[in-house]
Amino acid sequence: MTKTLNPNTIEKYGFLAMLNCFTLFFLSMFRTKTHEETPVQTQTLIGPGITVEGNFMGAGDVTIQGSLVGTLQTTKNVHIGPQAKVSADITANDILIEGAVSGNVKCYGTLQLKSTAVVEGNMETNIIAVELGAQVKGKCASGVTETMPEEIPFRGEHKEKVVARSKEGVKK
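Quantities reported herein were computed from a predicted structural model and do not represent experimental measurements.

J.: Whenever I open this one, the overall build of the protein chain confuses me. Can you help?
T.: Helix and strand counts for the protein chain stand at 2 helices and 15 strands. Taking all 172 residues of the protein chain together, 29% fall into the buried category. Taking all contacts inside the protein chain whose residues are at least 6 apart in sequence as the whole, residues at least 24 apart take part in 16%.

Below you can see the structure in the form of structure tokens.
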């Protein structure tokens, strides 16, 4: 839609009003992506009351509020909730632990241990933040400056079938 500038319009509405119109037009030419155009990041959630067993590899964020047994490897971030119980080796970019983890942790970015965290295993990270009250039984190496690989090679001996359990029973 093309609009022409009428000299009477400038007299009627004033120069500042016209400048405002030109500014809005100019900004609309260089607008950013709308919500519909922005790709959505997939997130995996293991909710409370759910227990999953297996070796997991992925490229999305993972939040655990239930239980996990096995291994967890992602190129994104992991959040272990305050009621979560994890018995697994974890590899991720950024990791936030509020619950219990039994296994080794490899973090390429920032590893945060909240006051409710209990970790039994060795930790390797670039940056670590530990709140007062967090418990660690294992060795910790920080300042590791490796970069996160785009794809994480599978470290398990073999891939297992994923089994999810809830209070109602087993789901496959």
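J.: Explain the environment of Gln65 to me, please; I cannot follow it from the model alone.
T.: Residue placement: Gln65 occurs in the loop between strand E3 (61–64) and strand E4 (67–74). Between the alpha carbons of Gln65 and Gly99 there is a distance of 8.5 Å; along the sequence they are 34 residues apart. Among residues more than four places away in sequence, those in contact with Gln65 are Leu45, Ile46, Gly47, Pro48, Gln83 and Ala84.

J.: Help me understand the nonpolar core, please; the structure alone is not making it clear to me.
T.: Here is a general trend for soluble globular proteins: nonpolar side chains tend to be buried in one another's company. Ranked by internal contacts, the top residues of the largest apolar core, which has 23 residues, are Ile64, Ile80, Ile95 and Ile97. Mapped onto this core, the elements with two or more residues apiece are E3, E4, strand E5 (78–80), strand E6 (85–92), strand E7 (95–97) and strand E9 (105–113). With residues up to four places along the chain from it excluded, the contact list for Ile64 reads Ile46, Leu72, His79, Ile80, Gly81, Ala84 and Val86.

J.: I keep staring at the pairing of E3 and nothing clicks. Help me out?
T.: Regular strands place side chains that alternate from one sheet face to the opposite one. Where strand E1 (residues 43–46) meets E3, 4 bridges bridge the pair, whose relative direction is parallel. Of the residues in E3, the one forming a bridge with Thr44 is Val62. Pairing of E3 with E5, which is carried by 3 bridges, proceeds in the parallel orientation. What sits directly across from Ile64, in E5, is Ile80.

J.: Just to check I follow, could you spell out the pattern of salt bridges for this structure?
T.: Within this structure, the stated rule accounts for 3 salt bridges. With a shortest N-O distance of 3.5 Å, Lys106 and Glu124 are connected by a salt bridge. Taken together, the positions of Lys106 in strand E9 and Glu124 in strand E11 (residues 123–130) put the pair 18 residues apart, joining distant regions of the chain. Taking relative accessible area as the criterion, Glu124 reaches 28% and is therefore assigned partly exposed. For Lys106, the salt bridge is made with Glu146, and the minimal N-O distance between the two is 3.1 Å. Of this pair, Lys106 sits in strand E9 while Glu146 is found in the loop between strand E13 (140–141) and strand E14 (163–166), placing the two residues 40 residues apart along the sequence. For Lys106, a relative accessible area of 16% corresponds to the buried category. Classification of Glu146 by relative accessible area gives partly exposed; the value is 40%.

J.: Explain the confidence of the model for the protein chain to me, please; I cannot follow it from the model alone.
T.: Close reading of the predicted structure is inappropriate where its pLDDT is low. For the protein chain, per-residue confidence averages 78 on the pLDDT scale, and residues scoring 70 or more make up 63% of the total. Segment residues 33–38: pLDDT under 50, and 2 contacts once partners within four positions in sequence are set aside and those in other chains are kept. Note that residues 156–164 has pLDDT below 50 and, in this model, 19 contacts with residues that lie over four places away or in other chains.

J.: Would you take a moment to explain the environment of Val52 for this structure?
T.: Inspection of the secondary structure puts Val52 in strand E2 (residues 51–58). Put simply, Val52 and Gly66 are 14 residues apart on the chain and 8.3 Å apart in space, counted from C-alpha to C-alpha.

J.: Quick question: what am I supposed to make of the environment of Gln73 here?
T.: Note on placement: Gln73 falls in strand E4. Look at Gln73 and you get buried, because its relative accessible area is 2%. Separated by 15 residues in sequence, Gln73 and Gly58 place their C-alpha atoms 6.4 Å apart.

Rules behind the numbers
- Residues numbered from 1 in each chain as written.
- Predicted model: local features only at pLDDT ≥ 70, side-chain atom pairs only at ≥ 80, totals over all residues.
- Heavy atoms only, no water.
- Helix = DSSP H or I, 4+ residues; strand = E, 2+ residues; numbered from the N terminus.
- Buried < 20%, exposed > 50% of the residue type's maximum accessible area, 1.4 Å probe, protein only.
- Contact = heavy atoms within 4.5 Å.
- Core = buried A, V, L, I, M, F, W, Y, C linked by side-chain atoms within 4.5 Å.
- Pairing = 2+ DSSP bridges.
- Salt bridge = Lys/Arg side-chain N within 4 Å of Asp/Glu carboxyl O.
- pLDDT = per-residue confidence, 0-100.

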